[in-house]
Amino acid sequence: MVLAQADLYRAIAEDELRPAFQPLIELRTGQLSGFEVLARWHHRELGEIVPDKFIPHFERAGLIDKLTRAILEKAFAVPLFRETNLNLAVNISPNQLLGTRLAERIAEVASKFIFPLDRLTIEITESALVDDIERAQAVACELKSLECRLALDDFGTGYSSLQHLHALPFDEIKVDRSFVSSVMEKRESRKIVAAVVGLGHSLGLATVAEGVESQEQANMLVWLGCDLGQGWLYGRPAPAEDLPQMVAAIRPVGSGVLPMFSGDGTLTSIAAQPAERLSQLQAVYDGAPVGLCFLDRRMRYVSLNRRLAQLNGVPAIEHIGKTVAEVIPHVFPIVEPFIRRALEGEPVIGVEVQKPGAHRGEGETLLLSYQPARDEGGEVLGVSVAIMDITGRKRTEAALKESEDHYRHMFELNPHVPWVLNEKGEVIEASPNWESYTGQTDEEALGNGWMKMLHPDDVEPTLKAIERTLKTGEPIDIEYRVKSTAGEWRWMRSRGAPRILPSGKVVCVYGVVEEVHAHKQVSEELRNSQIELRTAVDAVPVGIALADTQDLRIYMVNPVAAEIFGGALFAGQTLAEASRLPLKRIDGSGLRAEDFPLARTLLRGETVGAQQLRFTRREGAEVSLEISSKPVFANDGSQIGGLMMVSDLRGEG
């Protein structure tokens, strides 16, 4: 494409340069955070020209500052950004970053349109830092003095260097779209994204993923801990006149709960960041009383705890990087089949093996479990191993077998109802306590006779749970109702674990039944109380919002409040998000986040009397509200939450 210098001057003079806006979304909540401002040239002869084609021409002609000013002026003038707290991000040319008046020029434009610079993010590509890092650092500090945020764009490509993150006061890292687009297909891309996100977390920086085009990619990015996303999934770059429709179409999703991949490749949830989960797992790993290790696909030790080193009789440091065959050659032939099954994706749980000893009969008995470890895409990347020395337990079992009367005595005195199922799922042993609960004798309970005492609706689920345990070797844990001697249905909980031969066959299942009726009643009463609270709050003719002091999150909003705020206040919203609602005082001055009534109550324990404020709804209408808030206390006098009441003054006479 050939562009004459006259074309460039005409583009500025005749207003051919226009901003386009692409949404930036908070990945965990689906809320709109702001927009990235992109330049578009509507050439009168060539039509629309994309930035990659014309930006270099403006740089070479020395007109890049004029282009940036023209785009920023039009962006700052958009009414939406004066009426909301949405953020804007703009990319700065390397030439501008190394100039002398960048911060001054941005401040001039912002002042002209009264745009708060703490809502402006300046995106800097790493190529801008290579030639003169000291000059770039000086300009970056000038921008930070204006309260602008700084983002390092396209991190992970080109000239990526940790020196740049260390040298400049960045607030965000942007993950290049080339990695995001292949995050579901390429393990390498997932690892790069995870590394960049992890680096951002460790440095206290927000992370933004570019090029998000599918919900699957968004889910993966949430699981990896990424904060913000932009891409065609949320909207293509749009002109200013289309922004109201675009904003109205974006709806928050979820409640800030972070999804995590489960063993079958589906998404479950866990409210923690990846770094927090790592710390939690490491604490469990180090404190476990059983031997734990992780093997890669080549059966090499990647990590292990002290207990496993003790079981193997080899120092922990001598395990790392070596194969199981190298560390414990005398045991490897026994455990190799189980490891290979796990590497193929099959969990192998509760396998008993006899570890060879120096003399016949002196070996240890070990209980082994091998769990496939999968990466973000569900591929098996290794095996998590748990080993327990059950030699003492096995010797105890042998002693019990030698004394059947003693064993039976212990069985019958158990305060719960012990039971044993055979490989067909039939009861072969049960405690006399069953008869005291149900009136059914031991003989009548054997086989499947005990199921006659179950509630008809609970028989089929119980049979399926037993069948699953016998088939998979997984523990059983199920609740059902049993008819008591008084003729009433009472809730019982049955838990058990299978005994598995080295071949993987389940030979029996040991378990106990205990009464949980009182617990179920308490749970039901709690649920009913919550329903009553919701009903009462919904019936109140004024807006009500309840928030929790512990996690600073709103957990209940009645329909009146939802209607007053036009859906901008909702259950699951954080206090920080709610504090950014577009509220103003009667004199027109903005309401600071720390002066939001519910924030004063939750953070400072204040009771806030009725205040008259003005709220700007999404459609632009401004309504007058009366808002008050007060703390909610527990029986012991400690504050556990906050209550905010809102009235729409339009409805008052």
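Cut-offs applied
- All residue numbers refer to positions counted from 1 along the written sequence of the respective chain.
- Side-chain atom pairs in this predicted model are given and counted only at pLDDT of 80 or more, local residue features only at pLDDT of at least 70, and totals for whole chains, interfaces and linings cover all residues.
- Side-chain measures were taken over the full set of non-hydrogen atoms in the model, leaving aside hydrogen atoms and water.
- Elements are defined by DSSP. Helices are runs of H or I of four residues or more, strands are runs of E of two residues or more, and each kind is numbered from the N terminus.
- Working definition: with a 1.4 Å probe on protein chains only, accessible area under 20% of the residue-type maximum means buried, over 50% means exposed, and in between means partly exposed.
- Every residue pair with non-hydrogen atoms within 4.5 Å of one another is taken to be in contact.
- Accessible surface is estimated by sampling points in the Shrake-Rupley manner with a 1.4 Å probe; for residues, cover comes only from the protein chains shown.
- Aromatic pairing here means that ring centres of Phe, Tyr or Trp (its six-membered ring) are within 6.5 Å. Orientation follows from the plane angle: under 30 degrees is stacked, over 60 is edge-to-face, and everything else is tilted.
- An axis is simply a line fitted to the C-alpha atoms; with a helix, the fit covers only the stretch in contact. Between two such axes, the angle follows the N-to-C directions and lies from 0 to 180 degrees.
- Convention used here: angles under 35 degrees read as roughly parallel, angles over 145 as roughly antiparallel, angles from 65 to 115 as roughly perpendicular, and any remaining angle as oblique.
- By the definition used in this description, the sense in which the near helix is turned from the far one sets the handedness, with an anticlockwise turn below a right angle giving left-handed and a clockwise turn giving right-handed.
- Residues are grouped as follows: Ala, Val, Leu, Ile, Met, Phe, Trp, Tyr, Cys and Pro are nonpolar; Asp, Glu, Lys and Arg are charged; every other residue, Gly included, is polar.
- Whenever Lys or Arg places a side-chain nitrogen within 4 Å of a carboxyl oxygen from Asp or Glu, that contact is recorded as a salt bridge.
- Any N or O atom pair separated by 3.5 Å or less is treated as a polar contact, with the protein-specific requirement of one donor-capable and one acceptor-capable atom, and with residues adjacent in sequence counted only for side-chain atom pairs.

S.K.: Where do I start with the overall build of the chain in this structure?
M.R.: Helix and strand content of the chain: 26 helices and 27 strands. Expressed as a percentage of its 653 residues, the buried residues of the chain come to 45%. Put simply, of all contacts in the chain between residues at least 6 apart along the chain, 53% involve residues at least 24 apart. Accessible surface for the chain amounts to roughly 32800 Å². Of this, 52% is attributable to carbon and sulfur atoms.

S.K.: Which parts of the structure should I look at to understand the packing of aromatic side chains?
M.R.: Between two aromatic rings, the relevant description is the distance of the centres plus the angle of the planes. A full pass over the atoms with the stated rule returns 11 aromatic pairs. Each ring, one from phenylalanine 54 and one from phenylalanine 58, has its centre 5.9 Å from the other, and the planes form 75 degrees; the classification is edge-to-face. Placement of the pair is phenylalanine 54 and phenylalanine 58 together in helix H2 (residues 51-60), with a separation of 4 residues, close to one helical turn. Of the residues examined, phenylalanine 54 reaches a relative accessible area of 0% and is grouped as buried. What makes phenylalanine 58 buried here is its relative accessible area of 0%. Taking the centre distance of 4.4 Å and the plane angle of 10 degrees together, the rings of phenylalanine 76 and phenylalanine 115 count as stacked.

S.K.: What is the right way to read the packing of helix H6 (residues 102-112) against helix H8 (residues 133-145) from this model?
M.R.: The contact between H6 and H8 brings their axes to 9 Å, and the two run at 25 degrees. The angle between H6 and H8 places the two elements in the roughly parallel class. In the packing of H6 onto H8, the handedness of the crossing is right-handed. Listed contacts from H8 to Leu102, Ala103 and Ile106 of H6 are Val139, Glu142 and Leu143. Of the residues that constitute the contact of H6 with H8, the class distribution is 5 nonpolar, no polar and 1 charged.

S.K.: For this particular structure, what's the right way to read the pattern of salt bridges?
M.R.: Side chains carrying opposite charge are able to pair once their charged atoms draw close together. In the structure shown here, the tally under the stated rule is 38 salt bridges. A salt bridge links arginine 300 to aspartate 296; the shortest N-O distance between them is 2.8 Å. For aspartate 296, a relative accessible area of 14% translates into the label buried. Bridged by salt links that share partners, the residues Arg69, Glu73, Arg101, Glu104, Glu108 and Lys112 form one connected network.

S.K.: Hey, could you run me through the side chain of glutamate 514 in this one?
M.R.: Among the structural elements, glutamate 514 can be located in strand S21 (residues 506-515). In this structure the side chain of glutamate 514 is engaged in a polar contact, spanning 2.3 Å, whose partner is the side chain of arginine 495.

S.K.: Looking at this structure, how should I read the environment of valine 324?
M.R.: Looking at the secondary structure, you find valine 324 in helix H16 (residues 324-327). As for valine 324 and arginine 300, which are separated by 24 residues in sequence, their C-alpha atoms are 6.3 Å apart. When neighbours within four sequence positions are excluded, valine 324 is seen to be in contact with Leu295, Met299, Tyr301, Pro329, Phe332, Val335 and Ile339.

S.K.: Can you help me understand the packing of helix H3 (residues 64-76) against H6 in this one?
M.R.: The angle between the axes and the distance between the axes are what describe a pair of packed helices. Running from amino to carboxyl end, H3 crosses H6 at an angle of 25 degrees, the nearest separation of the two axes being 10 Å. Judged by the inter-axis angle, H3 sits roughly parallel to H6. In this structure, the crossing between H3 and H6 has a hand that is right-handed. Within the contact between the two elements, H3 uses Asp65, Arg69, Leu72, Glu73 and Phe76 and H6 uses Arg105, Ile106, Glu108, Val109, Ala110 and Lys112.

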